[in-house]
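Residue-level structural notes
One-letter residues, chain by chain:
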Amino acid sequence: MLIKPVADLLMRNTDHFLIPADIVANVQTDNNLYHAFLVLTKIKYSRIPVLDNEGHFEGLISLPLITEQMLGFDQLNTEVLMQKRVCDVMATKVKTVATVTDVETTLHLMVDNPFVPVVTADRVFRGIITRREFMKSFNFLAHEIGKQYDMIEKDFSVSEKAK
């Protein structure tokens, strides 16, 4: 659990955490892999959200998931890009958060992910929280905590460690 001063300072910037769904690059489950490949290549992201036709979050698609489909024994099969759909290869076991205020869960997920999808209980995709935006808040925290809180260093001498 985050200590209150840290949580308070991180929460001050939650307004900036969410990149709204309407400006996040995504593909739909029924798009072919060729379309997903083009989108990922043009925007230069490693993975993007996959939505259904109603804007519900279904998973993530990445360049490695697509290129894996093209690999043959001795050559690349690019025809598969037109034949297979995003829903055939997307990652579906994706951890999400329901709100931008779930700072602790987001922090844990950011360790291994460049972004965390924000998805409502009924799977409506609200947007993403990027590691970049989160790190801006952490930078703010690192510079402001000493200005806004009195900090006292604890004594961790040998006698304290024995207790």
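Data block above holds the structure.
Residues numbered from 1 in each chain as written. Predicted model: local features only at pLDDT ≥ 70, side-chain atom pairs only at ≥ 80, totals over all residues. Heavy atoms only, no water.

Comments concerning the sheet that holds strand S4 (residues 57–62)
Within the open sheet, the three strands sit side by side as S2-S3-S4. Their pairing is mixed. Only two strands of the sheet have a single neighbouring strand rather than two, namely strand S2 (27–28) and S4. Inspection of the sheet shows S2 paired to strand S3 (residues 47–51) by two bridges, in the parallel sense. Counterpart to glutamine 28 in the pairing with S3 is leucine 51. (Pairing = 2+ DSSP bridges. Helix = DSSP H or I, 4+ residues; strand = E, 2+ residues; numbered from the N terminus.)

Structural notes on the pattern of salt bridges
What the rule picks out here adds up to four salt bridges. A network of salt bridges, in which partner residues are shared, links Asp52, Glu58 and Arg123. (Salt bridge = Lys/Arg side-chain N within 4 Å of Asp/Glu carboxyl O.)

Digging into the layout of surface pockets
In this structure, the largest pocket spans a volume of roughly 240 Å³. Lining the largest pocket are 13 residues, with Tyr45, Arg47, Phe115, Ile128 and Thr130 positioned closest to its centre. Mapped onto the lining of the largest pocket, the elements with two or more residues apiece are S3 and strand S6 (125–130). Per element, the largest residue contribution to the lining of the largest pocket is three residues, and it comes from S3. (1 Å grid on protein atoms, 1.4 Å probe; cavity = no way out; pocket = protein on both sides within 12 Å on 5 of 7 lines; lining within 4 Å. Points joined across faces, edges and corners; volume = space filled by probe spheres on them.)

Overview of the sheet that holds S6
Taken in spatial order, the three strands line up as S1-S6-S5 in an open sheet, and their pairing is antiparallel. Here the strands that pair on one side only, and so sit at the sheet edges, are strand S1 (18–20) and strand S5 (115–119). Pairs of neighbouring strands in the sheet enclose a mean axial angle of 35 degrees, with direction left out of account. Note that S1 and S6 share three bridges and pair antiparallel. Across the sheet, the residue bridging to isoleucine 19 is isoleucine 128, located in S6. Those strands touched by helix H7 (residues 103–110) are S5 and S6, and its axis lies near 140 degrees from that of S5. (Axes fitted to C-alpha atoms, helices over the stretch in contact; angles between N-to-C directions. Contact = heavy atoms within 4.5 Å.)

Some details on the environment of lysine 4
Following the sequence through the fold, lysine 4 ends up in helix H1 (residues 4–11). Residues lysine 4 and threonine 130, 126 residues apart in the sequence, show an inter-C-alpha distance of 23 Å.

Describing the packing of aromatic side chains
Tallied over the entire structure, the rule returns two aromatic pairs. Between phenylalanine 17 and phenylalanine 134 the ring centres are 5.2 Å apart and the planes differ by 35 degrees, which places this aromatic pair in the tilted class. Taken as a pair, phenylalanine 17 in helix H2 (residues 14–17) and phenylalanine 134 in helix H8 (residues 131–148) lie far apart in primary sequence, 117 residues in all. Each of the two residues, phenylalanine 17 as well as phenylalanine 134, counts as buried. Judged by centre distance (6.0 Å) and plane angle (20 degrees), the rings of phenylalanine 57 and phenylalanine 125 are stacked. With phenylalanine 57 in strand S4 and phenylalanine 125 in strand S6, this pair connects stretches of sequence that are 68 residues apart. Taking relative accessible area as the criterion, phenylalanine 57 reaches 8% and is therefore assigned buried. For phenylalanine 125, a relative accessible area of 5% translates into the label buried. (Phe/Tyr/Trp six-rings, centres within 6.5 Å; stacked < 30°, edge-to-face > 60°. Buried < 20%, exposed > 50% of the residue type's maximum accessible area, 1.4 Å probe, protein only.)

On their own, these measurements won't tell you what the molecule is for.
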